[in-house]
Amino acid sequence: MANPGGGAVCNGNLHNHKKQSNGSQSGNCRKNGIIKEDQQNGKPHCYKQIVESFEEPPLHVMVFTYLGYGIGTLFGHFRDFLRKCGIEKCNTAIEREKQRDFVPLYQDFENFYTRNLYMRIRDNWNRPICSAPGPQFDIMERVSDDYNWTFRFTGRTIKDVINMGSYNFLGLAARYDESMRTIKEVLEVYGTGVSSTRQEMGTLDKHKELEDLVAKFLNVEAAMVFGMGFATNSMNIPALVGKGCLILSDELNHASLVLGARLSGATIRVFKHNNSQNLEMLLKDAVIYGQPRTHRAWKKILILVEGIYSMEGSILHLPQIVALKNKYKAYLYIDEAHSIGAVGPTGRGVVDFFGMDPREIDVLMGTFTKSFGAAGGYIAGRKDLVDYLRANSHSAAYATSMSPPISEKIITSIKFLMGDDGSTQGLQRIQQLAKNTRYFRKKLSEMGFIVYGNEKSPVVPVLLYMPGKVAAFARSLLQKKIGVVVVGFPATPLAEARARFCISAAHTRKNLNTVLEALDEIGDLLQLKYSRHRKSMRREPYEETSFELDD
Amino acid sequence: MASMALAPAWKQMSWFYYQYLLLMALYVLEPWEWTVFNSMLASVVGMALYTGYVFMWQHIMAILHYFEIVR
């Protein structure tokens, strides 16, 4: 990657980013024309230009998507009518006879959708696997005799399915091998359960070692770890903000952030996804007008964002947000669940990706589930913040602390990434992930699929739009022994169903090529190549050294 | 021989039918619902064509009569 150099553009100044709707660009950071080569020694690589795309589909696709949902809804009403008349047996939950006159429980849209649309294609989700979620895994085969109302296992397993759905960005979630020997030793000494909360008897020396290591890895003063990633968000945001505070949260934030914000009792305002102009407008209003009726100043303004948004594949525009936060004196909370270990030249998350100082972010949160092959979450920042959370967090007071073998797995993974065991394998894996991501995204947009998100994010959503194609896509790929995750409503907007690929450093070039060939074939079969920016297969004339425009 | 010639045409037709099922989200429904939907669609399209045939024929005859091309 070309180095733009120059620390001045990376320390939170608002630098112009170009949002391009073209499918792919070479990502060359030479936009200023001047590259300060002499400033590169010791400076981290700055990512100067953000290239992301959220292409709009052609009109006929949207028309057919809504038409498809309309037909599904009509047939849903028809089937509901048949069930009510008793012509058809009702397999879902219904109220008891005595409760028929009560307020209906199952008549809202969500239940209607589940009964009539989700159930029909339910075999594409909740597939049980029976091996480690490495680059290849085994799926238990199951069939349904009554159109997905009940399943039965045939007893066979589908072996060596290529895994494009697990959050295994660095390939550290693998079956036991010699590098995990320390985990076995820890299991022998400490056992599996902790049987207590952090504040009572559940703080182990393993936790202290892990917390010091996480703080060193992220280059902050202190960190605290929790047993569950979702609980880290939902139980700690209420400890940090309360009534009289303002939370500005991105519209596509994860459920844990939304739950934590709602539990806290603070006022919540939502800004458009990754849109710093909208955020600035909200911040200005907050500072000028204050609290709703009394017009007093807000006690705290907290901006809640994520490092990588998992449904869109977009990376946070960190420099702009930090500049805004410094200007309007707000606090910033970044949830790096998907980005820690996966982006950045040394794998230290979105802060490293932009070459910024972690001391500028007030609360750094992340999880160990995605890149470290374990479970749990952490919150890192200044020492007084972490000390406050040790005393006041709900998770510390009530939730069981992290299990010792899991802590040891995270310690091993972080040491591996930092290169503490003397090898450069950790750095190689991070670079392999970046290479795989670049290759996969480039090939997908060349083929003509609409792919959302930043060109460097390892989460790759491919848009499918129509509900029929969502089901056909997942089933056809499983027949070709590739496991993908498809997502529809309500996790995504109604008309934007997608397939989400998670690239791993453990995927070999051969795996990726197999997947790409299958995608090419299925894209042609199901007519999924909607992009209007498809690069032609013909070589462009200016790539050749002599300017002879032949053909 | 005739079935050999028909085979690629049959394949193309079934590909088109598959695309139609996907586009209209009929792919997720059960086969008897396909029958219901297809028969309703066929009857609506048939009625539209019949109406078109009847009215267009009358109008064309009226226009030609006006321009005295036909008496």
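Residues numbered from 1 in each chain as written. Chains lettered and ligands numbered in written order. Predicted model: local features only at pLDDT ≥ 70, side-chain atom pairs only at ≥ 80, totals over all residues. Heavy atoms only, no water.

## Digging into the overall build of chain A
Working step 1: Each helix and strand in chain A was counted, giving 15 helices and 15 strands.
Working step 2: Within chain A, the fraction of its 551 residues that count as buried is 52%.
Working step 3: When contacts within chain A are restricted to residue pairs at least 6 apart in sequence, those whose partners lie at least 24 apart make up 72%.
Working step 4: A total of about 26500 Å² of accessible surface is found on chain A, and carbon and sulfur atoms cover 53% of it. (Helix = DSSP H or I, 4+ residues; strand = E, 2+ residues; numbered from the N terminus. Buried < 20%, exposed > 50% of the residue type's maximum accessible area, 1.4 Å probe, protein only. Contact = heavy atoms within 4.5 Å. Areas by Shrake-Rupley, 256 points an atom, 1.4 Å probe, with all protein chains shown as cover.)

## Here we look at the UniProt feature "domain: Aminotransferase class I/classII large" (unreviewed entry) in chain A
Working step 1: UniProt tags residues 159–519 of chain A as "domain: Aminotransferase class I/classII large" (unreviewed entry).
Working step 2: Across residues 159–519 of chain A, helical content stands at 42% and strand content at 16%; the span's end C-alpha atoms are separated by 20 Å. (UniProt positions renumbered as here; feature names shortened; annotations may be inferred.)

## Brief notes about empty space enclosed by the protein
Working step 1: Tallied over the full model, the rule gives one cavity of 30 Å³ or more.
Working step 2: A volume near 50 Å³ is recorded for the largest cavity.
Working step 3: Arg79, Arg83, Arg115, Arg120, Tyr147 and Trp149 of chain A together with Glu30 of chain B together form the lining of the largest cavity. (1 Å grid on protein atoms, 1.4 Å probe; cavity = no way out; pocket = protein on both sides within 12 Å on 5 of 7 lines; lining within 4 Å. Points joined across faces, edges and corners; volume = space filled by probe spheres on them.)

## Observations concerning a nonpolar patch on the surface
Working step 1: The grouping of Tyr50, Tyr53, Trp57, Met61, Ile63, Tyr66, Phe67, Ile69 and Val70 of chain B at the surface amounts to a nonpolar patch, some 1100 Å² of accessible area in total.
Working step 2: Note on placement: Tyr53 of chain B falls in helix α2 (residues 31–66). (Patch = residues over 30% accessible without salt bridge, like charges linked within 9 Å, V, L, I, M, F, W, Y side chains within 5 Å. Salt bridge = Lys/Arg side-chain N within 4 Å of Asp/Glu carboxyl O.)

## Some details on helix α5 (residues 229–240) of chain A
All names here are of chain A.
Working step 1: In this model, α5 (twelve residues) spans 17 Å end to end at C-alpha, consistent with the 16 Å of a helix rising 1.5 Å per residue.
Working step 2: When you tally the buried positions in α5, you get ten out of twelve residues, the bulk of the element.
Working step 3: Taken together, the buried positions of α5 are occupied by Gly229, Ala231, Thr232, Asn233, Ser234, Asn236, Ile237, Pro238, Ala239 and Leu240. (Expected span 1.5 Å × (residues − 1).)

## Quick look at the sheet that holds strand β9 (residues 363–367) of chain A
All names here are of chain A.
Working step 1: In space, the seven strands of this open sheet follow the order β4-β10-β9-β8-β7-β5-β6, with mixed pairing throughout. A strand with exactly one partner marks an edge of an open sheet, and here the two such strands are β4 (222–226) and β6 (267–271). Neighbour to neighbour, the strand axes of the sheet diverge by 20 degrees on average, direction disregarded.
Working step 2: Of the pairings in the sheet, the one linking β9 to strand β10 (residues 377–381) comprises five bridges and is antiparallel in character. Across the sheet, the residue bridging to Leu364 is Ala380, located in β10.
Working step 3: Seen against the sheet, helix α7 (residues 276–289) touches β5 (246–250), β6 and β7 (301–306) and runs at an angle of roughly 150 degrees to β6.
Working step 4: Sheet strands touched by helix α8 (residues 318–328): β7 and β8 (331–335). Its angle to β8, the strand with the most contacts, is close to 155 degrees. (Pairing = 2+ DSSP bridges. Axes fitted to C-alpha atoms, helices over the stretch in contact; angles between N-to-C directions.)

## Digging into the sheet that holds strand β14 (residues 485–487) of chain A
Residues and elements named next belong to chain A.
Working step 1: Strand order in the open sheet formed by three strands is β12-β15-β14, and the pairing between neighbours is antiparallel. Taken across any chain shown, the strands that pair with only one partner, and hence form the sheet edges, are β12 (459–463) and β14. Neighbour to neighbour, the strand axes of the sheet diverge by 30 degrees on average, direction disregarded.
Working step 2: In terms of strand pairing, β14 meets strand β15 (residues 498–502) through three bridges, oriented antiparallel. Note on β15: the bridge partner recorded for Val486 is Ala499.
Working step 3: Against the sheet, helix α13 (residues 425–447) contacts β12 and β15, and its axis sits at roughly 10 degrees relative to β12.

## Topic: a positive patch on the surface
Working step 1: A cluster of basic side chains, namely Lys243, Arg293, Lys299 and Lys300 of chain A, defines a positive patch on the protein surface.
Working step 2: Owing to a relative accessible area of 78%, Arg293 of chain A belongs among the exposed residues under this scheme. (Lys, Arg positive; Asp, Glu negative; His and termini not counted. Charge placed at Lys NZ, Arg CZ, Asp CG, Glu CD.)

## Details of the nonpolar core
Residues and elements named next belong to chain A.
Working step 1: Core analysis: the largest hydrophobic core is formed by 114 residues, its most contacted members being Met164, Ile303, Leu318, Phe440, Phe473 and Phe501.
Working step 2: When sequence neighbours within four positions are dropped, the list of residues in contact with Phe440 reads Met164, Val460, Phe501, Ile503, Leu512, Val515, Leu516 and Leu519.
Working step 3: Val241, Ala261, Met365 and Leu385 belong to the second-largest nonpolar core, a separate cluster that totals 22 residues. (Core = buried A, V, L, I, M, F, W, Y, C linked by side-chain atoms within 4.5 Å.)

## Description of the environment of Met61 of chain B
Working step 1: Examined against the element boundaries, Met61 of chain B turns out to sit in helix α2.
Working step 2: Note: C-alpha distance between Met61 of chain B and Leu26 of chain B (35 residues apart in sequence) is 41 Å.

## Examining the side chain of Thr492 of chain A
All names here are of chain A.
Working step 1: With respect to the helices and strands, Thr492 occurs in the loop between β14 and β15.
Working step 2: At 3.4 Å, the side chain of Thr492 and the backbone oxygen of Glu496 are in polar contact.
Working step 3: Once residues lying within four places of it in the same chain are set aside, the contact partners of Thr492 are Met311, Val487, Ala497 and Arg498. (Polar contact = N/O pair within 3.5 Å; in protein donor to acceptor, adjacent residues only side chain to side chain.)

## A word on the packing of α5 of chain A against helix α6 (residues 255–264) of chain A
Residues and elements named next belong to chain A.
Working step 1: Interhelical geometry of α5 versus α6 gives an angle of 25 degrees and a closest axis separation of 7 Å. Here α6 runs roughly parallel to α5, going by the angle between their axes. Judged by the twist between their axes, the crossing of α5 over α6 is right-handed. Facing α5, whose interface residues are Phe230, Asn233, Ser234, Met235, Ile237 and Pro238, α6 presents Ala255, Ser256, Leu257, Leu259, Gly260, Ala261, Leu263 and Ser264.
Working step 2: When the residues that make up the contact of α5 with α6 are grouped by side-chain class, the tally is nine nonpolar, five polar and no charged. (Parallel < 35°, antiparallel > 145°, perpendicular 65-115°, else oblique. Left-handed = near helix turned anticlockwise from the far one by under 90°. Nonpolar A, V, L, I, M, F, W, Y, C, P; charged D, E, K, R; others polar.)

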